[in-house]
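As a plain string of letters, each chain reads:
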Amino acid sequence: MLALVNARVLIDGSFAPDAAVLVEGARIAAVVPCAGVPADAERIDLDDAMLVPGFVDTQVNGGGDALFNDAPTVATIRRIGAAHARFGTTGFLPTLISDDLDVIREGIAAVDAAIEAGVPGVLGIHVEGPFINVARKGIHAADKIRPIDDADIAVLTSLRHGRTLVTLAPEMVGPDAIRRLAGSGVIVSAGHTAGTYAEIAEAMAAGVTGATHLFNAMSPLGNREPGAVGAALAHDDVWCALIVDGIHVSPVTLGLALRCKPSAKFMLVSDAMPTTGGAARSFMLNGREISAEGGRLVDGEGTLAGADLDMLAAVVNAQRLLGVSAETALAMASANPADFLRLSGQVGRIAAGRVASMLAIDRDWSIRQRWIAGVAS
């Protein structure tokens, strides 16, 4: 048994100064007072570091100079996961942006194989498009965007291990398809959408439970038409993903959003591309060169192409730019996305029975140590 001691442990939204976390194998065996640590346990003194749940990122397009769309394989997933683990991500969804059905099929098969092989941190897959609105496509290739059909639904519901998250434009898909996906266990999120408030609200009633990168690539909050943003903020049972890099959305706008509904319904995402944890400062996407410029990832026309961001930076940014507490920012990167993925009994919290994926973070917000399923790295 491993005993993590002398840390400020984040438990149920607050730091406990006199708690020790006992780890057996891949799971947390117990959280006990420091005086209750078994004599035969191997102690690791964390020297007053914060001991927090590992970060859960539901939107990871790439990392370590690899892009999931380019090579939807186990090796790519492993490489991306290793790149993001350096920044505290211990659970993630490899993400495909709009592509052909064969690529989606390959990506799902790769995620299944990665989970079976025990690749650290893989929780499922995020399929972002191609069932989106070309009017709000962002960097997605227009020639990949198309209507959904029965063959698509069969593939999207085929993952055998982990969670499947699908981002779609509700007005392009319709409530029946959403009901079929949600009824099969797929988590459905609205994104890259020009839908009206009424259309998005109808989709939420049919099974949409998330809003992908809130404010970006969706119909805005207007004075007479609340749009997709208004629907996401008006429904307290819907999780909203935020890219907090100071570029995608004004911090003022994000701060106003946080006043609209409980903070537990907001989650941080990286929307990361190959540059995160990589050496190169540019890459190719759908035949276009994407370059990192001043913290932005843009094509030749200046269109944003994902983010040059990691989850640790997002947590620090949430505190610095949005004024939230450390406890809230950490929950937005761990417990909240775990709840969204319906994995609250597995990851995202430090509690007995949960997977032992944790981070020891010093006061300067550097990561001293990390564990993924009980394995230190």
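Residues numbered from 1 in each chain as written. Predicted model: local features only at pLDDT ≥ 70, side-chain atom pairs only at ≥ 80, totals over all residues. Heavy atoms only, no water.

**Q** Describe the environment of A335, listing the residues and the values that go with them.
**A** One can find A335 in helix α11 (residues 335-340). Sequence spacing of A335 and A264 is 71 residues, and the spatial spacing of their C-alpha atoms is 8.2 Å. In this structure, A335 is in contact with G348 and R349, ignoring residues within four places of it in sequence. (Helix = DSSP H or I, 4+ residues; strand = E, 2+ residues; numbered from the N terminus. Contact = heavy atoms within 4.5 Å.)

**Q** Kindly report on the sheet that holds strand β2 (residues 14-24), identifying the contributing residues and their values.
**A** Pairing in this open sheet of seven strands is mixed, and the strands run β3-β2-β1-β4-β18-β19-β20 from one edge to the other. The open sheet has two free edges, formed respectively by β3 (27-33) and β20 (375-376), since each of these has just one partner strand. As paired elements, strand β19 (residues 367-372) and β20 share two bridges and run antiparallel to each other. Each residue of the ladder has a partner; that of I372, found in β20, is V375. (Pairing = 2+ DSSP bridges.)

**Q** Describe helix α2 (residues 101-117), listing the residues and the values that go with them.
**A** Look at α2: 24 Å from first C-alpha to last across 17 residues, which is about the 24 Å you get at 1.5 Å a residue. Regarding α2, the residues found buried are L101, V103, I104, G107, I108, A110, V111, D112 and A114. The first or second residue beyond α2 is G118, which carries a positive phi of 75°. (Expected span 1.5 Å × (residues − 1). Buried < 20%, exposed > 50% of the residue type's maximum accessible area, 1.4 Å probe, protein only.)

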